[in-house]
Amino acid sequence: MLKNYLKIAFRNFIRNKSSSFINVAGLSLGLAGCLLILLWIFDEISINRFHDDIDRIYQVMGNQHYAQDQIFTMAATPGLLAPALVDEIPEIEYSASYTWNITYLFTKNEISTKERGIYSRPDIFNILTFQVLEGNPERWLTEPNTVVISDELAQKYFGTEPVAGQSILVDGDRLYSVVGVFESIPKNSTMRFDYILPFQDFEQRNPWVEFWGNNGPRTIAKLRPGSDPAIVNNKIRNFIKEKFDGSVVELFLHPFGDLYLYGRFEDGKVAGGRIEYVRLFSVIALFVLLIGCINFMNLSTAQFAKRAREVGIRKSIGANRSSLIGQYLGESVIVAFCSLIVSLILIELFLPVFNNLTQKDIVINYTEPKLLLVFAAIALVTGLFAGSYPALYLSSFEAVKTLKGTIKSGLGEIFVRKGLVIFQFTLSIVLIISTIIVYQQIQYAQTKNLGYQKENLIFFPIEGDLSESWETFSHNVSSIPAVTGVSRANHTFLGRSTNTSGVDWPGRDPSDIVLFEIVRVDYDLVETMGFELSQGRAFSRDFGAGSTGLLVNETAASIMELENPVGQNINLFGEERQIIGILKDFHYDHLRSKVEPLVMTLNHELSRYGYIRLETDDVRSTLYQIETVHNELNPSYPFDYSFVDERYAALYRSEMLTGELSKYFAVFAIIISCLGLFGLSSFTAERRRKEFSIRKVLGASVAGIVGLHCREFVKLVVIAIIISTPIAYYIMNQWLQDYAYRININLWIFVVSGGLALFIALLTVSYRAIRAAVANPVEALRYE
């Protein structure tokens, strides 16, 4: 039977080359788009899932409660938390404190490179899965001035010789002994680092860590087998409050395996994260595949006349409807598997571009049985779905009518076909509208006035000898003609960093606890960044009391509700400080977040980043001059600068990825839809050849015939525009709700999207219409 199905399918393919090609091309593009997104989704959901016992591993998070019912959810915890959890919570088997990624200069002989790593307590090796290549992990991180490195670093600094016991310089002048080597962490991990230093070294350099009221390090925990995380949550909720009177933090466990996909919190609860993009592109993948399936359905049912007699003959010799359904479904499944092969070829062609766009290293492992089964299952379901309506429709023909040639298209069949075309273009137009709105929001974010001038501004870490020689560096760089400002701060202004609730002011309700961002700066920072003042003055060397003054932003001033705030004293960390100026609100975080209250103090000792304002067309030459000054004063460290506007743009990488992928898959959808429309147009033009010829003989113009042919399809696209407009508006308005600062959805977006879809559809159908209209009528009427 299978051989017979294959033979019939092959004959039909040869007999109807154009429609068969369109069917295979549409399904191939649909499958290629769907499988590309599926591969991306598989990669996304694999993040952090490679660790053993992942279901027992949790990130310890904290909900910080502030005034006006504000809740900030953070991974930052006290450095004392991890050992206390193991000692006091029986269900917690292991717990480890670790820091954010820290970049240090590593030096061995002539090799000196900046590397990324963390400080951590030893239990991290009992919680997360690291492939040990050298050394005894039971001794790792138990002694000060020891380091564990990745095999990549071992190869870079030590070549092929044994590493354990050798020494290496870290951060310029600290000698560390290498006690172990682990295999480089795979890319599907949220924690990416190449070295780990003992947490006790971090405590020695940062005494504030040993205080229950300070948050900074992260805490990860592994529960004992069979432990209920809900019970543990109840036990740890007020853990910090019991240690530190006045704490506003409530702890809870968040599954480490979900940290990547479910990393966004609102009001103390999971509100989404990368899972939103996974869901979005899952829907897009389904849309693209559906459009390909609809092509198949439409063309198969449109050409019923060519197979009607076959149905009649088969039924007259005893074939029942179920066998015919099986045959037609079998044929569509064969087409689907042929399309799968073509789609895999297309994927291999597109994959390098796709990987570059998504910054992933996705490869198709053809030896992986599960992946091949998924591909086969998708092709099978696609074939069954795409062939279901044609199979049911064709098998319903009555044998007598088909053999007499009296069977005609019913209204129901015509309405279904038109409905499928409308559905196709509705999905395509929704994708076009969505792409435009995402692009508009990204452009809005990139061009919005942030409250400072991010262009022509560089920043760089202050490390090595640069801190001690900063005044000399600042003076020498300021003498470069193209440099208009030099200063330093402890903040990147690209996300929240250091914050505190230790701010008090006259008239504050003691029950109101407000979280303030704390920015410590040097003189000239306000001028270098381009911050604006609404009242008062900036820090100035001309005022001797400048070091005790501070600046607050407009949001902070509004919360304090002080009359004439400039000149009034507030309390910061128990010390009276005078407000000397009010900064106009500026954005120092993603536009998803509204501007939060900020306090700026003059304290250059804690400044970690230098800022330089450039005013020149010859940026390269100016940067070379700055680098020369830097290297003279700090020869051990490279001048590792970044442009603020480029780093700011990187904050919106997820949105840019969404926009780019939406754009490409909108093009996919339009191409597939137009393939189907072209096939239907060709079929309709072929069926109406004699009608067009008669009209032409009777005096109809070419334009009139083309208009007559196109009118039917234009109506379908217009209906699709009407349907897609409210759907796209609702979807994108919901997406924009996540932004505190967003664009307004304008009418022109829908007009342009609809007009574009209409124009493309007209181009598609008019080609066949023009050919039919200019054809010699004698060719069509010669047998009449």
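Definitions and limits used
- Residues numbered from 1 in each chain as written.
- Predicted model: local features only at pLDDT ≥ 70, side-chain atom pairs only at ≥ 80, totals over all residues.
- Heavy atoms only, no water.
- Helix = DSSP H or I, 4+ residues; strand = E, 2+ residues; numbered from the N terminus.
- Buried < 20%, exposed > 50% of the residue type's maximum accessible area, 1.4 Å probe, protein only.
- Contact = heavy atoms within 4.5 Å.
- Areas by Shrake-Rupley, 256 points an atom, 1.4 Å probe, with all protein chains shown as cover.
- Arc of directions from axis to C-beta.
- Polar contact = N/O pair within 3.5 Å; in protein donor to acceptor, adjacent residues only side chain to side chain.
- Axes fitted to C-alpha atoms, helices over the stretch in contact; angles between N-to-C directions.
- Parallel < 35°, antiparallel > 145°, perpendicular 65-115°, else oblique.
- Left-handed = near helix turned anticlockwise from the far one by under 90°.
- Nonpolar A, V, L, I, M, F, W, Y, C, P; charged D, E, K, R; others polar.
- Salt bridge = Lys/Arg side-chain N within 4 Å of Asp/Glu carboxyl O.
- Phe/Tyr/Trp six-rings, centres within 6.5 Å; stacked < 30°, edge-to-face > 60°.
- Lys NZ or Arg CZ within 6 Å of the ring centre and 35° of its normal.
- Pairing = 2+ DSSP bridges.
- Patch = residues over 30% accessible without salt bridge, like charges linked within 9 Å, V, L, I, M, F, W, Y side chains within 5 Å.
- Disulfide = S-S within 2.5 Å.
- Core = buried A, V, L, I, M, F, W, Y, C linked by side-chain atoms within 4.5 Å.

J.: What am I meant to see in the overall build of the chain here?
T.: Looking only at helices and strands, the chain features 24 helices and 26 strands. Looking at the chain as a whole, 52% of its 784 residues are labelled buried. Considering only intrachain contacts with a sequence separation of at least 6, the fraction spanning at least 24 residues in the chain is 77%. Per element, the accessible surface of the chain, about 35,900 Å² overall, is 55% carbon and sulfur.

J.: Explanation requested: helix α7 (residues 229-236) in the structure shown.
T.: For the α-helix, the turn length of 3.6 residues means that residues three or four positions removed from each other point alike. Listed as buried for α7 are Val232, Asn233 and Ile236. For α7, the buried positions fall inside an angular range of 105° around the axis, keeping them on one side. Its buried side turned inward, α7 meets α3 (81-88), β3 (92-98), β11 (218-223), α8 (239-243) and β12 (249-255). Its side-chain oxygen placed 3.0 Å from the backbone nitrogen of Ala230, Asp228 serves as the N-cap of α7.

J.: How should the packing of helix α15 (residues 470-478) against helix α18 (residues 619-633) be read in this particular structure?
T.: A packed helix pair is summarised by two numbers, namely the angle formed by the two axes and the spacing between the axes. Relative to each other, α15 and α18 sit at 155°, their axes nearing to 10 Å. With respect to each other, α15 and α18 are oriented roughly antiparallel. As α15 packs across α18, the resulting crossing turns out to be right-handed. When α15 is examined against α18, the residues Thr472, Phe473, Asn476 and Val477 are found in contact with a partner set consisting of Ile626, Val629, His630 and Leu633. Grouping the constituent residues of the contact of α15 with α18 by class yields five nonpolar, three polar and no charged.

J.: What is the right way to read the pattern of salt bridges from this model?
T.: Pairing is possible between side chains of opposite charge, provided their charged atoms come close. On inspection of all chains with the given rule, the structure shows 34 salt bridges. A salt bridge links Glu463 to Lys114; the shortest N-O distance between them is 2.5 Å. Separated by 349 residues along the polypeptide, Glu463 in the loop between β15 (457-461) and α15 and Lys114 in strand β5 (residues 111-120) bring together distant segments of the chain. When sorted by exposure, Glu463 lands in the same class as Lys114, which is buried. In the salt-bridge network here, residues are joined through shared partners; they are Arg264, Glu266, Glu276, Arg592, Glu655 and Asp738.

J.: Sorry, what's going on with α15 here?
T.: Within α15, burial applies to Trp470, Phe473, Ser474 and Val477. One side of α15 carries all its buried residues, which in axial view fall inside an arc of 95°. Residues of α15 that are exposed and point over 90 degrees away from its buried face: Glu471 and His475. Next to the buried residues of α15 lie β15, β16 (483-489), β25 (609-614) and α18.

J.: What am I meant to see in the environment of Asn634 here?
T.: Mapped onto the elements of the fold, Asn634 is located in the loop between α18 and β26 (642-643). It is 8.3 Å that separates the C-alpha atoms of Asn634 and Glu463, two residues lying 171 residues apart in sequence. Not counting residues up to four positions away in its chain, the partners in contact with Asn634 are Glu463, Gly464, Asp465 and Leu466. At a separation of 2.9 Å, a polar atom in the side chain of Asn634 contacts the main-chain carbonyl oxygen of Glu463. Polar side-chain contacts of Asn634 include one of 2.9 Å to the backbone nitrogen of Asp465.

J.: Help me understand the packing of aromatic side chains in this model?
T.: Between two aromatic rings, the relevant description is the distance of the centres plus the angle of the planes. Within the structure shown, the criterion is met by 37 aromatic pairs. An aromatic cluster is present here, built from Trp100, Tyr104, Phe106, Tyr119, Tyr157, Tyr195, Phe199, Phe202 and Trp208 joined pairwise through their rings. Residue placement shows Arg592 over the ring face of Tyr739; its charged tip is 4.7 Å from the ring centre. The ring of Tyr664 has Lys663 sitting right over it, with the charged end atom 5.1 Å from the ring centre.

J.: Is there a simple way to explain the pairing of strand β2 (residues 70-74) in this structure?
T.: Look at any regular strand and the pattern is simple: side chains alternate between the two faces of the sheet. In terms of strand pairing, strand β1 (residues 57-66) meets β2 through five bridges, oriented antiparallel. Paired with His65 across the two strands is Ile71, which belongs to β2. Hairpin connection of β1 to β2: three residues between the antiparallel strands, including Gln68 at a positive phi of 60°.

J.: Please clarify how the environment of Asp43 should be interpreted in this entry.
T.: Relative to the helices and strands, Asp43 resides in helix α2 (residues 17-45). The class for Asp43 is partly exposed, based on a relative accessible area of 23%. Spatially, the C-alpha atom of Asp43 lies 8.4 Å from that of Lys360, the residues being 317 residues apart in sequence. Here Asp43 is in contact with Lys360 and Ile362, once residues within four sequence places are set aside.

J.: Could you clarify how one ought to interpret a nonpolar patch on the surface in this entry?
T.: Together, Ile719, Ile723, Ile727, Tyr730 and Ile731 make up a nonpolar patch on the protein surface, roughly 430 Å² of accessible area in all. Tracing the backbone shows Ile723 in helix α22 (residues 702-736).

J.: Quick question: what am I supposed to make of the pairing of β16 here?
T.: Taking burial as the measure, the seven residues of β16 include six buried ones, the bulk of the element. Alignment of β16 against β25, held across six bridges, turns out to be antiparallel. Paired with Ser487 across the two strands is Tyr611, which belongs to β25.

J.: Please clarify how the environment of Arg653 should be interpreted in this entry.
T.: Examined against the element boundaries, Arg653 turns out to sit in helix α20 (residues 653-687). Accessibility expressed as a relative area gives 32% for Arg653, which makes it partly exposed. Residues Arg653 and Ile442, spaced 211 residues apart in sequence, show a C-alpha to C-alpha distance of 9.5 Å. Those residues in contact with Arg653 that sit more than four places away from it in its chain are Thr358 and Gln359.

J.: Could you clarify how one ought to interpret the state of the cysteines in this entry?
T.: By definition, a disulfide is the covalent link that joins the sulfur atoms of two cysteine residues. The full count for this structure, using the stated rule, is zero disulfides. Free of any disulfide, Cys293 has its nearest cysteine sulfur in Cys34, 9.1 Å distant. Here Cys293 falls in the buried class, since its relative accessible area comes to 3%.

J.: Is there a simple way to explain unusual backbone geometry in this structure?
T.: For residues that are not glycine, phi is negative in most cases, and the peptide bond is trans in most cases. Its identity as a non-glycine residue notwithstanding, Asn456 has a phi of 55°, on the positive side. Note on placement: Asn456 falls in the loop between α14 (411-447) and β15. Phi at Asp524 takes a positive value of approximately 75°, unusual for a residue other than glycine. For Asp524, the location among the structural elements is in the loop between β19 (516-521) and α16 (525-529). Asp524 gets classed as partly exposed once you look at its relative accessible area, which sits at 29%.

J.: Explain the side chain of Arg488 here, please?
T.: Considering the arrangement of structural elements, one finds Arg488 in strand β16. We classify Arg488 as buried; its relative accessible area is 4%. A distance of 2.8 Å separates a polar atom in the side chain of Arg488 from a polar atom in the side chain of Asp522. Excluding anything up to four places from it in sequence, Arg488 contacts Ile462, Ser467, Trp470, Glu471, Val521, Asp522, Leu525, His604, Ser607, Tyr609, Gly610 and Tyr611.

J.: Would you mind showing me how to read the nonpolar core here?
T.: Buried together is how nonpolar side chains tend to be arranged in soluble globular proteins. Counting 87 residues, the largest nonpolar core has Leu35, Trp40, Ile347, Ile364, Phe375 and Ile437 as its most contacted members. Mapped onto this core, the elements with two or more residues apiece are α2, α9 (274-302), α11 (321-358), α12 (369-394), α14, α20, α22 and α23 (747-774). The dominant element in this core, judged by the number of residues it contributes, is α2, at 15 residues. Look past the residues within four positions of Ile347 in its chain and what remains in contact with it is Ala32, Leu35, Leu36, Leu39 and Ile364. Within the second largest apolar cluster, 31 residues are counted, among which are Ala538, Leu551, Ile580 and Tyr652.

J.: I tried to follow the side chain of Thr658 on my own but got confused; where do I start?
T.: In this fold, Thr658 is placed in helix α20. In terms of polar contacts, Thr658 uses its side chain to reach the backbone carbonyl oxygen of Ser654, at 2.9 Å. The contact partners of Thr658, leaving out residues within four places of it in the chain, are Tyr277, Leu280, Phe281 and Val438.

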